[in-house]
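For reference, the chains in residue letters:
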Amino acid sequence: MTYVYLMANKKTLSLEIVKKHVQYLKKLDDSGKLVLCGSFTDHDGGIVILEYKNIEEARAIAESDPFIEKGYKTFELRTLSIANKENNYGLSMD
């Protein structure tokens, strides 16, 4: 399943915490679990998209992100149904 955690800023970021967050993202990427991530240019906060078996695993990953774990950001976790050419953009004829 694909999960998204949307982060909102809670307090000012330091270079040290940003480096820890980036290291965390690298670890997720190396494990093959990270799909996409980035900060918003028109809104405070950012997004991380993950592939995990269940929402409990995805929640544990989000809560372990240094940004969240250390109280710099809050998050909302969502399950994403990907729509693309391969699945007719989510159109179901069932």
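In what follows, the structure referred to is the one given above.
An account of the accompanying structure is given in this report. (Residues numbered from 1 in each chain as written. Predicted model: local features only at pLDDT ≥ 70, side-chain atom pairs only at ≥ 80, totals over all residues. Heavy atoms only, no water.)

**Observations concerning the overall build of the protein chain**
Thought 1: The helix and strand tally for the protein chain stands at three helices and four strands.
Thought 2: The helix and strand sequence of the protein chain, counted from the amino end, reads β-α-β-β-α-α-β.
Thought 3: The principal-axis extents of the C-alpha atoms in the protein chain amount to approximately 50 × 30 × 20 Å.
Thought 4: In the protein chain, which comprises 94 residues, the share counted as buried stands at 30%.
Thought 5: Pairs at least 24 apart in sequence give 69% of the contacts found in the protein chain among residues at least 6 apart.
Thought 6: For the protein chain, the exposed surface amounts to about 6400 Å²; the carbon and sulfur share of it is 52%.
Thought 7: Across the protein chain, 13 positive and 14 negative side-chain charges occur, with their mean positions spaced 6 Å apart. (Helix = DSSP H or I, 4+ residues; strand = E, 2+ residues; numbered from the N terminus. Buried < 20%, exposed > 50% of the residue type's maximum accessible area, 1.4 Å probe, protein only. Contact = heavy atoms within 4.5 Å. Areas by Shrake-Rupley, 256 points an atom, 1.4 Å probe, with all protein chains shown as cover. Lys, Arg positive; Asp, Glu negative; His and termini not counted. Charge placed at Lys NZ, Arg CZ, Asp CG, Glu CD.)

**Observations concerning the sheet that holds strand S4 (residues 73-80)**
Thought 1: Spatially, four strands are ordered S2-S3-S1-S4 in an open sheet, and the strand pairing comes out antiparallel. Every other strand in the sheet has two partners, leaving strand S2 (34-39) and S4 as the edge strands with one partner each. The sheet shows a mean angle of 15 degrees between the axes of neighbouring strands, direction not considered.
Thought 2: In this sheet, S4 lies alongside strand S1 (residues 2-9) in antiparallel orientation, the contact comprising eight bridges. If you follow Ala-8 over to S4, its bridge partner there is Thr-74.
Thought 3: Against the sheet, helix H1 (residues 15-30) makes contact with S1, S2 and strand S3 (46-51), and its axis sits at roughly 160 degrees relative to S2, the strand it touches most. (Pairing = 2+ DSSP bridges. Axes fitted to C-alpha atoms, helices over the stretch in contact; angles between N-to-C directions.)

**A short note on the pattern of salt bridges**
Thought 1: The full count for this structure, using the stated rule, is two salt bridges.
Thought 2: Ionic pairing is found between Lys-20 and Glu-16, a salt bridge with its closest N-O pair at 3.3 Å. With Lys-20 and Glu-16 both in helix H1 and four residues apart, this pair spans about one turn of that helix.
Thought 3: Residue Lys-20 is classed as partly exposed on the basis of its relative accessible area, which comes to 39%.
Thought 4: Between Arg-78 and Glu-76 there is a salt bridge whose closest N-O contact spans 2.6 Å.
Thought 5: Using a relative accessible area of 45% as the deciding quantity, one classes Arg-78 as partly exposed. (Salt bridge = Lys/Arg side-chain N within 4 Å of Asp/Glu carboxyl O.)

**Examining the environment of Leu-50**
Thought 1: Locating Leu-50 in the fold gives a position in strand S3.
Thought 2: Residue class for Leu-50 comes out buried when judged on its relative accessible area of 0%.

**Here's the deal with the pairing of S3**
Thought 1: Examined bridge by bridge, S1 and S3 share six bridges and lie antiparallel to one another. The residue bridging Met-7 from the neighbouring strand is Gly-46, located in S3.
Thought 2: Taken together, the five bridges between S2 and S3 define a ladder with antiparallel strand orientation. Bridging across to S3, Leu-36 finds its partner in Ile-49.
Thought 3: Linkage of S2 to S3, two consecutive antiparallel strands, is achieved through a turn of six residues, within which Gly-45 is found at a positive phi near 110 degrees.

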